[in-house]
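This is what each chain is made of:
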Amino acid sequence: MKWYDNAIIYQIYPKSFQDTNDDGIGDLQGIIKRLDYIKNLGVNTIWLNPIFVSPQIDNGYDVSNYFAIDPSIGTTDDFEQLIKEAHERDLHVILDLPINHTSDQHPWFKDALSNPNSIFKDYYIWQKGVNGHEPNNWGSFFGGSVWTKVSPESNNYYFHLFDKKMPDLNWKNVEVQRSMADIAKFWVDKGVDGFRLDAFIHMAKANLKQMSLKSGKYPTDDTFYAKLPEVKQYLSGFVSEVKEQNPDTFLFGEASSADSHQAAEYTRPEEDECDVIVSSNNYGEVYDDDSKVKGFFQPRKFSLDHFKETFVDWESVLANISYPALTWGNHDVSRFVDRLNLPTDDPKLQKSLAMMMFLQRGIPIIYYGEEIGQHGLKYQSVDDFDDQRAVELIDNLRAQKFDDDDILALLNEEDEMTARGPFQWDDSEFGGFSNVQPWNWAKQLPASAKAEVSDDNSMLSFYQKLLRLKSTSLFSQGDYCLLATNKDILAYERTINDSYGIVVINYSDKPIDYVLPTNKNLKVALANQKVDVTGQVVHLEPWGCCALVKEEEEING
Ligand code: NOJ
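Residues numbered from 1 in each chain as written. Predicted model: local features only at pLDDT ≥ 70, side-chain atom pairs only at ≥ 80, totals over all residues. Heavy atoms only, no water.

### Section: the overall build of the chain
Step number 1: When helices and strands are counted, the chain shows 16 helices and 23 strands.
Step number 2: Relative to its length of 557 residues, the chain is compact, with a C-alpha radius of gyration of 24 Å against a globular reference of 24 Å.
Step number 3: Viewed in the frame of its principal axes, the chain has a C-alpha envelope of about 80 × 60 × 50 Å.
Step number 4: Of all 557 residues assigned to the chain, the portion counted as buried reaches 60%.
Step number 5: Relative to all contacts within the chain whose residues are 6 or more apart in sequence, the contacts with residues 24 or more apart total 69%.
Step number 6: About 22,000 Å² of surface is accessible on the chain, with carbon and sulfur atoms providing 48% of the total. (Helix = DSSP H or I, 4+ residues; strand = E, 2+ residues; numbered from the N terminus. Rg over C-alpha atoms; globule rule 2.2 N^0.38 Å. Buried < 20%, exposed > 50% of the residue type's maximum accessible area, 1.4 Å probe, protein only. Contact = heavy atoms within 4.5 Å. Areas by Shrake-Rupley, 256 points an atom, 1.4 Å probe, with all protein chains shown as cover.)

### Focus: the environment of N44
Step number 1: Position of N44 relative to the elements: it lies in the loop between α2 (35–41) and β2 (45–48).
Step number 2: Along the primary structure N44 and I8 are separated by 36 residues, whereas in three dimensions their C-alpha atoms are 5.5 Å apart.
Step number 3: For N44, the residues in contact, after removing those within four places along its chain, are N6, A7, I8, D90, L91 and H92.
Step number 4: In terms of polar contacts, N44 uses its side chain to reach the side chain of T45, at 2.8 Å. (Polar contact = N/O pair within 3.5 Å; in protein donor to acceptor, adjacent residues only side chain to side chain.)

### A closer look at the pairing of strand β5 (residues 92–98)
Step number 1: For β5, the tally of buried residues reaches 7 of 7 residues, placing the bulk of the element in the interior.
Step number 2: What you see with β5 is no split at all: H92, I94, D96 and P98 on one side and V93, L95 and L97 on the other are buried throughout.
Step number 3: Two elements, β2 and β5, share 4 bridges in a ladder whose sense is parallel. Looking at the pairing, W47 lines up with I94 of β5. (Pairing = 2+ DSSP bridges.)

### A short note on the sheet that holds strand β22 (residues 537–540)
Step number 1: Strand order across the open sheet formed by 3 strands is β19-β22-β21, with antiparallel pairing between neighbours. At either margin of the open sheet sits one strand with a lone partner, and together these are β19 (512–515) and β21 (532–534). When strand polarity is set aside, the average angle formed by the axes of neighbouring strands in this sheet is 20°.
Step number 2: Looking at chain direction, β21 and β22 are connected through 3 bridges and run antiparallel. Residue pairing in the sheet places T534 in a bridge with V537 of β22. (Axes fitted to C-alpha atoms, helices over the stretch in contact; angles between N-to-C directions.)

### A short note on helix α13 (residues 404–414)
Step number 1: Buried within α13 are the following residues: I407, L408, L410, L411, N412 and E414.
Step number 2: Close packing links the buried residues of α13 with β13 (300–302), α10 (336–339) and α12 (388–399).

### A word on the packing of α12 against α13
Relative placement of two packed helices is described by the angle separating their axes and the distance separating the axes.
Step number 1: Two elements in contact, α12 and α13, have axes separated by 10 Å at closest approach and are oriented at 145°. Here the hand of the crossing between α12 and α13 comes out right-handed. Along its contact with α12, which presents A390, L393, I394, L397 and R398, the element α13 presents D404, I407, L410 and L411.
Step number 2: The class makeup of the residues in the contact of α12 with α13 is 7 nonpolar, no polar and 2 charged. (Left-handed = near helix turned anticlockwise from the far one by under 90°. Nonpolar A, V, L, I, M, F, W, Y, C, P; charged D, E, K, R; others polar.)

### Details of the site of the ligand
Step number 1: All residues adjacent to the ligand are D58, Y61, H101, F142, F162, R196, D198, E254, H331, D332 and R420.
Step number 2: At 3.0 Å from an oxygen atom of the ligand is found a side-chain nitrogen or oxygen belonging to H101.
Step number 3: Within the side chain of H331, one N or O atom sits 2.8 Å away from an oxygen atom of the ligand.
Step number 4: In isolation the ligand has 300 Å² of accessible area, and contact with the protein removes 95% of it.
Step number 5: When its residues are assigned to classes, the shell around the ligand shows 3 nonpolar, 2 polar and 6 charged. (Near = heavy atom within 4 Å.)

### Focus: unusual backbone geometry
Step number 1: Positive phi, close to 55°, is recorded for D22, a residue that is not glycine.
Step number 2: By the element assignment, D22 lies in the loop between β1 (9–12) and α1 (28–33).
Step number 3: Judged by its relative accessible area of 40%, D22 falls in the partly exposed class.
Step number 4: The residue K227 is not glycine, and still its phi comes out positive at about 60°.
Step number 5: Among the structural elements, K227 can be located in the loop between α6 (222–225) and α7 (230–245).

### As for the sheet that holds strand β17 (residues 489–496)
Step number 1: Read across the sheet, 5 strands follow the order β16-β17-β18-β23-β20 without closing on themselves; strand pairing throughout is antiparallel. Of all strands in the sheet, those bounded by a partner on one side alone are β16 (479–482) and β20 (522–527). Taking each pair of neighbouring strands and ignoring which way they run, the sheet shows an average axis angle of 25°.
Step number 2: Two strands pair when backbone bridges link them, and β16 and β17 are joined in this way by 4 bridges, in the antiparallel orientation. Along β17, the bridge assignment pairs C481 with E493.
Step number 3: Together, β17, β18 (499–506), β20 and β23 (545–550) form the strand contacts of helix α11 (residues 347–358), whose direction differs from that of β23 by roughly 40°.

Take a look at the structure:
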């Protein structure tokens, strides 16, 4: 077994976690200051969104120097201190590594653009335009074409799947493959325990002369630039080098569009691949088909049926291969308490959702602030949203005569920037995050880690107990079996050796009696309110949840 088979990950958006030098931007010293809080939460791993030098066009996913820390976040000394202090507390540190693209300010790209004999030309992807147009009609994930002209007079274009200031690397080039492995190995030597491989499924592209058959001006079309066969080849070259440097390095790949079978394909233990895949297809949510808004900002809602289907699928497909990632979201979507259109704000429901997700078989990833029930930022005007996708949406909806207030409400519910707000440490003006106005700032619903620490009934206390339970071999390693129940109930069993556990959730506003599938003597290991177990019947109040284990079991949340 590897250490990461029991990983419980806490995702930190460094810019928004804790500012210590009063510039309104979170920093590494801030993370160091909060390591005891993180440890007490009960996680054993932190994942930091990118901290390398970056012009911050995409908040660090546009890297211009992979060997140094962005000055707004800290220094190499700070990073070494962070690694040391994290390791002293048995916390592992995972860095986010954008491997599909660099910033256009990266010296490789600058040289490739300005120097006709540049050895870095072949680090990127270029094509000539066709009849005054882009080489093809493929769309970028951030809106517009994947192609940008190198200069207005030129007919030469470079390729970018994301922002035009983030040119894609040409992974066909063995020098690119070697350079990326060298970068990873540099950080492994500094003591880093793993990497999140950002956008790795896009490393290979199809024939650049092909046209997308999808409609629209620049349709995004995975067929040509996601999950192509060569991805596995590039991945395995990279992974074998990194694991040779340190076989304990944990690699989790971001494959937002992967289904369970594709996740299995990228995590086969006998091959040099990722250890875990994180996809946005396993949040258990469904799109609201009645909405007039489609695509990226389409409203979503939680569906218990869909959650069941999703996890039966992921758990069974990955059963003997790898662990599913268990998460309610990340920095690329609004916070789940805003996004899922939940039937009630009752914190009991949030606790039930946390239990239903994290006690399954898999690796929990907790998005900073979720453990205190933090909501997203509530911006006051549509003009506060300035990224390309949001601006295109606003133009589009205004053209359809949507009211600005409705557009604002939609964006506050769906836009990812709302999820990237400052952590709410206390109830002071800027939430204890900073003494000055944070870089990303708008109204916030009240929440306070300080108040929750000393309240045994708080969300934070519940998460602490839940993660203690998760750390047991039963809930981290045990087999998983979803039970057939009626529609408002979710129940699953976990078993390992002689240990047995069952999780039961009442997803309704009415009390329920659930008849257990076993006559073993069970006790309550954790519940979000009082729960009554009489014989084989569990009585759960509205939005109630409980985890039951065998009477003689020595585990308590
Ligand atoms: C996925 C990251 O999570 C997202 O924030 C970023 O914009 C893209 N990859 C591009 O790096």
